[in-house]
Amino acid sequence: MSQPRDQLGRSLTDLRISVTDRCNFRCTFCMPEDREYDFVPRAEVLSYEEILRLARIFVSRGVHKVRVTGGEPLLRRDLERLIEGLAAIEGLDDLALTTNGLLLPKKAESLHRAGLQRVTVSLHSLEAATFSRLAGGRGDLAGVLAGIEAAAAAGLTPVKINTVVIQGVNDHEIVSLARRFRGDEFVLRFIEYMDVGTLNAWDPASVVSAEEIIRRIDAELPLEPAPRRHANDVAKRYRYRDGGGEVGVIASITEPFCGDCTRARLSADGHLYTCLFSAVGHDLKAPLRAGESDAELGERLDTIWGRRSDRYSEERSARLERAAASGGSAEASDEASDVLAGEARVEMFRIGG
Ligand code: SF4
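Residues numbered from 1 in each chain as written. Predicted model: local features only at pLDDT ≥ 70, side-chain atom pairs only at ≥ 80, totals over all residues. Heavy atoms only, no water.

Undergrad: What is the right way to read unusual backbone geometry from this model?
TA: The phi torsion of most residues other than glycine is negative, and most of the peptide bonds are trans. The linkage connecting Gly70 with the following residue, Gly71, adopts the cis geometry, with an omega of 5°. Within the secondary structure layout, Gly71 lies in the loop between β2 (65-69) and α2 (79-87). Following Thr157, the chain continues into Pro158 via a peptide bond in cis, with omega recorded as -5°. Relative to the helices and strands, Pro158 is located in the loop between α5 (141-154) and β5 (159-165). Located in the positive-phi region is Asp78, a residue other than glycine, with phi close to 50°. Within the secondary structure layout, Asp78 lies in the loop between β2 and α2. (Helix = DSSP H or I, 4+ residues; strand = E, 2+ residues; numbered from the N terminus.)

Structural data, given as structure tokens:
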């Protein structure tokens, strides 16, 4: 079976599947509390059978890594049934899930038994007040920490922990977070604050660069660079010189990695997005429900991927550099911010990070 290549020669190897657009948190940089959300009606949400059928077609095109996301995926009932089905697909050799962790104490064991291999937990603070503020007053720190321990106890190790760093909000916790998640059971990854969606009033000045994050950790916990495991891995890896495990940074703003991006996203209502920041989704649900065969759906996927030319993060960085070079002139920064804000990326929280 042919493996489609996009306009930049990139293959398709990773699929992120959003199983719901709903969430039990209201993180300020993703789904702010002060907004109304018109969630996807249940009848429009892909069933597990539909997701599995599409996943098999993606695998036939070269996908071997699947990440289940949301919203908050653990809110979806009987998720074990989907995990079992995905784990049974030949050629799919890496099955992971991203969660806010609160429901993991109830679900970690059963998801691992069903075939889940890895879990990533989003945790942005170890201070109860900051945690609560960032989560929109929902969820609790102790519950998420218990979720992380439950994932480790269930064997979903190393448990990855993703922390979005925002200047003046939680950047003072970089070293304490690094200290908290050392060792082989955990891999902490710091994420540069991104302009995802159009709801987080993103400001480039709120970004703490990957270089700065590593500098702060290295000053107290000496680090050495570690090679990427795969060319398309998003995180830059570092090992603690004292053997205390590793830490990573995801530098979408200061060191964009679009050139190696082989990721696609399937939204809960069956739209294919070829970039985290793309405003246009390609509807796969309608042709699937209209009776298209697997072969026809596969050709449709080939066509969509073949036309892909996304490299938003690289374009954004070029615009920010231009804005900076022009001395941050209003026009240039307006141009940069217009581009950053204008193109509707409203779908973000429906297609999972
Ligand atoms: S911005 Fe889009 S193309 Fe670039 S790495 Fe992210 S998802 Fe891939």
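After that view, the rundown keeps rolling.
Undergrad: Would you mind showing me how to read the packing of helix α1 (residues 48-60) against α2 here?
TA: How two helices pack is summed up by the angle between their axes together with the distance between the axes. Axis separation between α1 and α2 bottoms out at 10 Å; the angle between their running directions is 20°. Relative to α2, the element α1 is oriented roughly parallel. As α1 packs across α2, the resulting crossing turns out to be right-handed. Counted together, Tyr48, Glu49, Ile51, Leu52 and Ala55 of α1 and Leu79, Arg81, Leu82, Gly85 and Leu86 of α2 form the full contact between these two elements. Taken together, the residues that form the contact of α1 with α2 break down as 7 nonpolar, 1 polar and 2 charged. (Axes fitted to C-alpha atoms, helices over the stretch in contact; angles between N-to-C directions. Parallel < 35°, antiparallel > 145°, perpendicular 65-115°, else oblique. Left-handed = near helix turned anticlockwise from the far one by under 90°. Contact = heavy atoms within 4.5 Å. Nonpolar A, V, L, I, M, F, W, Y, C, P; charged D, E, K, R; others polar.)

Undergrad: In this structure, what is going on with helix α7 (residues 210-220)? I would like to understand it.
TA: Owing to its 3.6 residues per turn, the α-helix brings residues three or four apart onto one side. Those residues of α7 lying buried are Ala210, Ile213, Ile214 and Ile217. Buried residues along α7 cover an arc of 90° about the axis, so they all sit on one side. In this structure, α7 carries Glu211 and Ala219 as exposed residues pointing more than 90 degrees from its buried face. Against β5, α6 (174-180), β6 (186-192), β7 (223-226), β8 (236-240) and β9 (246-250) lie the buried residues of α7. (Buried < 20%, exposed > 50% of the residue type's maximum accessible area, 1.4 Å probe, protein only. Arc of directions from axis to C-beta.)

Undergrad: So what exactly am I meant to see when it comes to the pattern of salt bridges here?
TA: Pairing between side chains of opposite charge can happen when their charged atoms approach one another. Going through the model one piece at a time under the given rule, you end up with 30 salt bridges. Between Glu49 and Arg81 there is a salt bridge, with the nearest N and O atoms lying 2.9 Å from each other. In this pair, Glu49 is assigned in helix α1 and Arg81 in helix α2, connecting sequence segments 32 residues apart. What makes Glu49 partly exposed here is its relative accessible area of 48%. (Salt bridge = Lys/Arg side-chain N within 4 Å of Asp/Glu carboxyl O.)

Undergrad: I would appreciate a short explanation of the packing of aromatic side chains in the present structure.
TA: For any pair of aromatic rings, the description rests on two quantities: the centre-to-centre distance and the angle between the ring planes. Summed over the entire model, instances satisfying the criterion amount to 4 aromatic pairs. Aromatic side chains Phe25 and Phe131 sit 6.1 Å apart centroid to centroid with 85° between the ring planes, which places their arrangement in the edge-to-face category. Note that Phe25 is positioned in the loop between β1 (14-18) and α1 and Phe131 in helix α4 (residues 128-134), a separation of 106 residues in sequence. A residue is classified by how much of its surface remains accessible, and Phe25, at 3% relative accessible area, is buried. One cation-aromatic arrangement involves Arg316 over Phe277; the distance from NZ or CZ to the ring centre is 5.1 Å. (Phe/Tyr/Trp six-rings, centres within 6.5 Å; stacked < 30°, edge-to-face > 60°. Lys NZ or Arg CZ within 6 Å of the ring centre and 35° of its normal.)

Undergrad: I tried to follow the environment of Glu220 on my own but got confused; where do I start?
TA: As for its placement among the helices and strands, Glu220 is situated in helix α7. Filtering out sequence-adjacent residues up to four positions away, Glu220 remains in contact with Val175 and Arg179. Of note is the side chain of Glu220, whose polar atom sits 2.9 Å from the side chain of Arg179. (Polar contact = N/O pair within 3.5 Å; in protein donor to acceptor, adjacent residues only side chain to side chain.)

Undergrad: Sorry, what's going on with the site of the ligand here?
TA: If you check the shell around the ligand, you find Phe257, Cys258, Cys261, Arg263, Arg265, Cys275, Leu276, Phe277, Arg308, Asp310, Tyr312 and Ser313 and nothing else. Mapped by element, the contributors of at least two residues to the shell around the ligand are β10 (263-266) and α10 (312-325). For the shell around the ligand, the class distribution of residues is 7 nonpolar, 1 polar and 4 charged. (Near = heavy atom within 4 Å.)

Undergrad: Just to check I follow, could you spell out the side chain of Ser252 for this structure?
TA: Relative to the helices and strands, Ser252 resides in the loop between β9 and β10. Within the structure, the side chain of Ser252 is placed 2.9 Å from the side chain of Ser313, a separation counted as a polar contact. If we ignore the near neighbours within four places in the chain, the residues touching Ser252 are Glu192, Met194, Phe257, Ser313, Arg316 and Ser317.

Undergrad: So what exactly am I meant to see when it comes to the pairing of β8 here?
TA: Note on strand geometry: in a regular strand, side chains alternate between the two faces of the sheet. Two elements, β7 and β8, share 4 bridges in a ladder whose sense is antiparallel. Its bridge partner being in β8, Pro225 is matched across the sheet by Tyr238. Counted between consecutive antiparallel strands, the loop separating β8 from β9 contains 5 residues, among which Gly243 sits at a positive phi close to 85°. (Pairing = 2+ DSSP bridges.)

Undergrad: Even after reading the chapter, I still don't get the layout of surface pockets, so can you show me in this structure?
TA: To locate leftover empty space, one rolls a probe as large as a water molecule over the atoms. Approximately 360 Å³ is the volume found for the second largest pocket. Along the walls of the second largest pocket sit 14 residues, with Arg42, Val45, Leu75, Arg76 and Arg77 positioned nearest its centre. For the lining of the second largest pocket, a count of residues per class yields 4 nonpolar, 2 polar and 8 charged. (1 Å grid on protein atoms, 1.4 Å probe; cavity = no way out; pocket = protein on both sides within 12 Å on 5 of 7 lines; lining within 4 Å. Points joined across faces, edges and corners; volume = space filled by probe spheres on them.)

Undergrad: Just to check I follow, could you spell out the environment of Met31 for this structure?
TA: With respect to the helices, strands and loops of the structure, Met31 is situated in the loop between β1 and α1. Among the residues examined, Met31 registers a relative accessible area of 3% and is labelled buried. Along the primary structure Met31 and Asp14 are separated by 17 residues, whereas in three dimensions their C-alpha atoms are 25 Å apart.

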